[in-house]
Amino acid sequence: MMTVKENLEAILKEIPSNIRLVVVSKMQPLKCIREVYAAGQRSFGENRVQDLIAKQPFLPQDIEWHFIGHLQTNKVKFIAPFIKVIQSIDSLRLLQEIDKEALRNSRIINCLLQLFVATEETKFGLGLDEARNLLASGEIKALKNIRIIGVMGMATNTDDDTLINKEFSMIKNHFDILSQEFFKDDTFFRQISMGMSGDYRLAIKQGSTMVRIGNAIFK
Ligand SMILES: *Cc1c(COP(=O)(O)O)cnc(C)c1O
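Residues numbered from 1 in each chain as written. Predicted model: local features only at pLDDT ≥ 70, side-chain atom pairs only at ≥ 80, totals over all residues. Heavy atoms only, no water.

Caption draft 1: Geometry of the site of the ligand. Near the ligand you find V24, K26, I68, M154, M196, S197, R212, I213, G214 and N215, and these make up its full shell. Between an oxygen atom of the ligand and a side-chain N or O atom of S197, the distance comes to 2.5 Å. Against a free-state accessible area of 380 Å², the protein chains account for coverage of 87% of the ligand. The site holding the ligand turns out to be the largest pocket. Along the lines of polarity and charge, the residues of the shell around the ligand split into five nonpolar, three polar and two charged. (Near = heavy atom within 4 Å. Polar contact = N/O pair within 3.5 Å; in protein donor to acceptor, adjacent residues only side chain to side chain. Areas by Shrake-Rupley, 256 points an atom, 1.4 Å probe, with all protein chains shown as cover. 1 Å grid on protein atoms, 1.4 Å probe; cavity = no way out; pocket = protein on both sides within 12 Å on 5 of 7 lines; lining within 4 Å. Sits in = over half its atoms within 2 Å of the grid points. Nonpolar A, V, L, I, M, F, W, Y, C, P; charged D, E, K, R; others polar.)

Laid out in structure tokens, this is it:
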């Protein structure tokens, strides 16, 4: 049996130091999260608002929390006081709500546009043209308390490395296009969040800057 700390160390050896690791702690008890924190990790990801707000008060306050699941507008207010990055932006309406709640908390909240490239129909996210429309809309310029720092995406859950590579390279390609078209003089739009336990090695080869890993650490 490997410990959580040993799993973490094995993964860290494979991730270049310029790539950020978000430890996905969904479904994990506080005890296991504290072990990973004690091993030096400070970025953690959760995909359900209820779980996140149940855990956050009992964990060290210097944790940078990433929200990685589908986010309903009526729940933004519960995480706005502390959330560092919301990785799952899929509409202008959601961004407007985050901006409103960030302002109320005198904060700026970092956001990633969730891009949809996988063949699975159940996945949330924006197609390239939807992302373009969102960024081109005049309304987005009025949002002063959000900062769009990049994109997030998932590949299809499959053993087919060719398909996974194709999907990750699409995410990278869409990032490059959006960067060219909308963020030319911007220093914040830099992050490509892709790669999970089963596919982070492929994601890194395709240009990921941030991996989100749960099972491979907590198994
Ligand atoms: C659960 C989840 C992960 C982590 O998946 P693992 O297979 O446990 O590494 C990453 N990203 C999102 C959006 C998730 O929901």
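Caption draft 2: Seen up close, the packing of aromatic side chains. Here the structure, examined in full by the defined rule, presents three aromatic pairs. With 4.9 Å between their ring centres and 5 degrees between their planes, F175 and F189 make a pair best called stacked. Taken together, the positions of F175 in helix α7 (residues 161-182) and F189 in the loop between α7 and β7 (191-193) put the pair 14 residues apart, joining distant regions of the chain. Judged by relative accessible area, which is 8%, F175 ranks as buried. With a centroid separation of 3.8 Å and an interplanar angle of 0 degrees, the aromatic rings of F183 and F189 are classed as stacked. Pair check on accessibility: F183 and F189 agree, each one buried. Through pairs of rings, three or more aromatic residues link up here, namely F175, F183 and F189. Directly above the aromatic system of Y37 lies the positively charged group of R42, at a separation of 3.6 Å from the ring centroid. Note that R147 overlies the ring of F188, its terminal NZ or CZ placed 4.1 Å from the centroid. (Phe/Tyr/Trp six-rings, centres within 6.5 Å; stacked < 30°, edge-to-face > 60°. Helix = DSSP H or I, 4+ residues; strand = E, 2+ residues; numbered from the N terminus. Buried < 20%, exposed > 50% of the residue type's maximum accessible area, 1.4 Å probe, protein only. Lys NZ or Arg CZ within 6 Å of the ring centre and 35° of its normal.)

Caption draft 3: Spatial organisation of the layout of surface pockets. For the largest pocket, the calculated volume is near 670 Å³. Lining the largest pocket are 27 residues, and of these K26, I68, M154, M196 and R212 lie nearest its centre. Tallied by class, residues from the lining of the largest pocket come to 10 nonpolar, 12 polar and five charged. Computed from the structure, the second largest pocket encloses a volume of approximately 270 Å³. Residue lining of the second largest pocket: L135, I140, K141, L143, I146, R147, I148, F182, F183, D186 and F188, and that is the complete set. Ranked by the residues each element gives to the lining of the second largest pocket, the list is headed by strand β6 (residues 146-153), at three residues. Tallied by class, residues from the lining of the second largest pocket come to eight nonpolar, no polar and three charged. (Points joined across faces, edges and corners; volume = space filled by probe spheres on them.)

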